[in-house]
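Reading the structure
Given next are the chains, with one letter for each unit.
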Amino acid sequence: MSGEGFLESTKAFQREAFDRLDLPEGCRSILREPKRVIEVSFPVRMDDNEVRMFKGYRVLHNDSLGPGKGGIRYHPDVSLEEVKALAALMTWKNSLMGLPYGGAKGGVVVHPKYMSESEIEALTRSFTRAIAPFIGPNTDIPAPDVYTNAKIMAWIADEYSRTAGSFRPDVVTGKPLNFFGSVGRDIATAYGAYIIFKQLAKKHGFNKSTTIAIQGFGNAGYNFAKFAQQDGFKVVAVSDSRGAIYKKEGLNIEEIKKCKEEEGSVLECRGVKAMSNEEMLELDVDVLVPAALEGQITTKNANNIKAKYILEIANGPISYRADKILTEKNIIVLPDIITNSGGVIVSYFEWLQNRMMEQWSKDKVIKKLEEYMIRVFKEIDKKVEKDNMTYRQAAYYKAVKRVVDALKYRI
Ligand code: NAD
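Residues numbered from 1 in each chain as written. Predicted model: local features only at pLDDT ≥ 70, side-chain atom pairs only at ≥ 80, totals over all residues. Heavy atoms only, no water.

**What about the pattern of salt bridges?**
Heads up, the condition is: A pair is scored as a salt bridge if a Lys or Arg side-chain nitrogen falls within 4 Å of a carboxyl oxygen belonging to Asp or Glu. Strands here mean DSSP runs of E at least two residues long; helices mean DSSP runs of H or I at least four residues long; both are numbered from the N terminus. Each residue is assigned to one of three classes by its accessible area relative to the maximum for its type, calculated with a 1.4 Å probe on protein chains only: buried under 20%, partly exposed between the two thresholds, exposed over 50%.
If you walk through the whole model with that rule in mind, you get 37 salt bridges. For K105, the salt bridge goes to D145, with nearest N and O atoms at 3.2 Å. Placement of K105 in strand β4 (residues 102-109) and of D145 in the loop between β5 (140-144) and α5 (150-164) is noted, with a sequence separation of 40 residues between them. Residue classification places K105 among the buried positions, given a relative accessible area of 3%. Residue classification places D145 among the buried positions, given a relative accessible area of 18%. With its nearest N and O atoms 2.7 Å apart, the salt bridge here joins R168 to D170. Under the relative-accessibility criterion, D170 is labelled buried at 3%. Through salt bridges with shared partners, a single ionic network connects E121, R125, R129, D158, E159 and R162.

**Let's talk about the sheet that holds strand β1 (residues 36-45)**
Backbone hydrogen bonds hold the strands of a sheet together, and the pairing may be parallel or antiparallel. As a reminder, the rule being used: Two strands qualify as a pair provided DSSP detects at least 2 bridges between them. For helices, the axis comes from a line fit to the C-alpha atoms of the stretch in contact; other axes are also lines fit to C-alpha atoms, and the angle between any two N-to-C directions lies between 0 and 180 degrees. Here, two residues are considered to be in contact whenever any of their heavy atoms come within 4.5 Å of each other.
The five strands are arranged β1-β2-β4-β3-β5 in an open sheet whose pairing can be described as mixed. Each edge of the open sheet carries a strand with a single partner, namely β1 and β5. Sheet twist, expressed as the mean angle between neighbouring strand axes with direction ignored, is 25°. Against the sheet, helix α4 (residues 117-131) makes contact with β1, β2 (51-62), β3 (68-75) and β4, and its axis sits at roughly 140° relative to β1, the strand it touches most.

**Here we look at the domain arrangement of the protein**
What counts, and what does not: For the domain bounds, the source is a domain assignment made automatically or taken from a database. Once two parts are put together, the accessible area they lose, assessed with a 1.4 Å probe and summed over both, is termed the buried area. We define a polar contact as two N or O atoms separated by no more than 3.5 Å, with the added condition that, inside protein, one atom must be a possible hydrogen donor and the other a possible acceptor, whereas residues neighbouring each other in sequence contribute only through side-chain atom pairs.
Partitioning the protein into structural domains gives domain 1 (33-179) and domain 2 (188-339). For domain 1 and domain 2, the distance between their C-alpha centroids amounts to 27 Å. Contacts between domain 1 and domain 2 engage 14 residues on the former and nine residues on the latter. Interface area lost by domain 1 to domain 2 is led by L89, K93 and L96, which between them contribute 43%. Between the two partners, domain 1 and domain 2, sit one salt bridge. As a salt-bridge pair, E294 and R73 come within 3.0 Å of each other at their nearest N and O atoms. Counting across the interface, domain 1 meets domain 2 through three residue pairs in polar contact (both at pLDDT 80 or more).

**Focus on the nonpolar core**
Let me state the cut-off plainly: By convention a nonpolar core is built from buried Ala, Val, Leu, Ile, Met, Phe, Trp, Tyr and Cys residues, the set being connected through side-chain atoms within 4.5 Å.
Residues W92, F224 and V238 are the most contacted members of the largest nonpolar core, which totals 90 residues. Top element by residues in this core is helix α6 (residues 185-204). It accounts for 11 residues. If you count residues domain by domain, this core takes at least three from each of domain 1 (33-179) and domain 2 (188-339). Listed in part, the 25 residues of the second largest apolar core include L123, W155, V171 and V172.

**Some thoughts on the state of the cysteines**
Our working definition: For the purposes of this analysis, a disulfide is any pair of cysteine sulfur atoms at a distance within 2.5 Å.
Within the structure shown, the criterion is met by one disulfide. Residue C259 pairs covalently with C269 via a disulfide, S to S 2.2 Å. Around the S-S axis, the bridge from C259 to C269 shows a dihedral of about -100° and counts as left-handed. Taken as a pair, C259 in helix α8 (residues 253-263) and C269 in the loop between α8 and β9 (273-275) lie far apart in primary sequence, 10 residues in all.

**A few points about the site of the ligand**
So the rule is basically this: By convention in these notes, a residue is near a molecule or strand provided one of its non-hydrogen atoms lies within 4 Å of it. Here the accessible surface of atoms and residues is derived via Shrake-Rupley with a 1.4 Å probe, and residues count as covered only by protein chains that are part of the display. When residues are grouped by polarity, Ala, Val, Leu, Ile, Met, Phe, Trp, Tyr, Cys and Pro land in nonpolar, Asp, Glu, Lys and Arg in charged, and all others, Gly among them, in polar.
Taken together, 23 residues surround the ligand, and among them D145, T189, N219, A220 and A292 come closest. Between the ligand and the protein, one listed contact pairs an oxygen atom with a backbone N or O atom of N219 at 2.9 Å. A distance of 2.8 Å separates an oxygen atom of the ligand from a polar backbone atom of A292. For the ligand, the protein covers 88% of the area, taking 830 Å² as the surface of the free molecule. At the level of secondary structure, the elements contributing two or more residues to the shell around the ligand comprise α6, α7 (219-230) and β7 (234-240). Here the residues of the shell around the ligand are counted per class, giving nine nonpolar, 10 polar and four charged.

This is the structure:
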């Protein structure tokens, strides 16, 4: 195997933990493959009245610790391989964070940028009907991911409720605030990652001259940039799917956001140096934050990475073999299953609120999120120091162990 693809990298990371835990083959074989894979083809009536067929997936990797939980992605490059890898990552992330969930993920092969809002609604409702027998508040609970948002989650909740014949807002999380959503869900992934950044800052003495480059200026990337800048750290580069921008003295994040909203891309912003996403990844910065898609750092560019710390907000941005190169170079990587878990933690809070028909305050949500993130960071950090592991190895070890302990009762 090459150890470069997303699914094979995920399998290689988990295999290392299986080896450390000395798992028997029976157990490994259960965890290597998803428990359930659903592939659906479904019709959507477009604005011009033509019917188009779309393909979508929902994968439940493992549910030993509870119902499946994981986002739904709308992207032209969605594939079954990708969704399988993302579902496995959710199993480990939910386990690591101590949530009562298994791991799942979904995706639709579509480019939502080229569709109207009514077409996206029709697509969402048709996809929901197609997967309705396999999702549910106690079986598998979707959430947003790349190019899906709160409105899309509301349509899923509504369509599922119609299909099920009873109102179940707890079938999906990441809903709008005025429709059973939770305060803080929109910024949860970025804020969770920022909590981890601050823990690192404390440990390694980051200061106001610490420089940060962020790949991806969407929900997670933008909000992370905002938090960092508010605290006086220097965000020198950000990017989107069209390219990257750089300013040595630090970018004005709100100005960049405004310009991206108005012009469509960060590349249209003035007073900054434009560069490619590839160049941005290799900038001489202190902290690199991949917050776009998987497979960004591979053996092709790992040797050129100059950042001293990498915080994986995106799922799977570093391949298995690239991870080994970065470790050799003493680059400290905070893996996705720690760094981006704020989203699913607040999703869990939303699910609890829905089930109790409560609405928590922002203070309560933020305080509880901080408790979860800091507790897990400290546990993993301790293991890293004690057992001379990378953060990824320590996180996988703990995550796999918790699943295996539950799995014993569920075969
Ligand atoms: P988003 O759709 O809001 O934003 C994605 C951003 O990435 C956009 O700015 C887009 O232009 C950019 N992008 C796309 N392709 C790119 C490329 N090739 N190079 C550079 N930029 C590119 O998505 P998001 O919710 O911010 O998610 C970003 C990442 O974080 C994904 O990997 C997702 O799985 C992960 N994540 C998100 C959440 C969440 O709650 N939103 C939770 C956990 C993990």
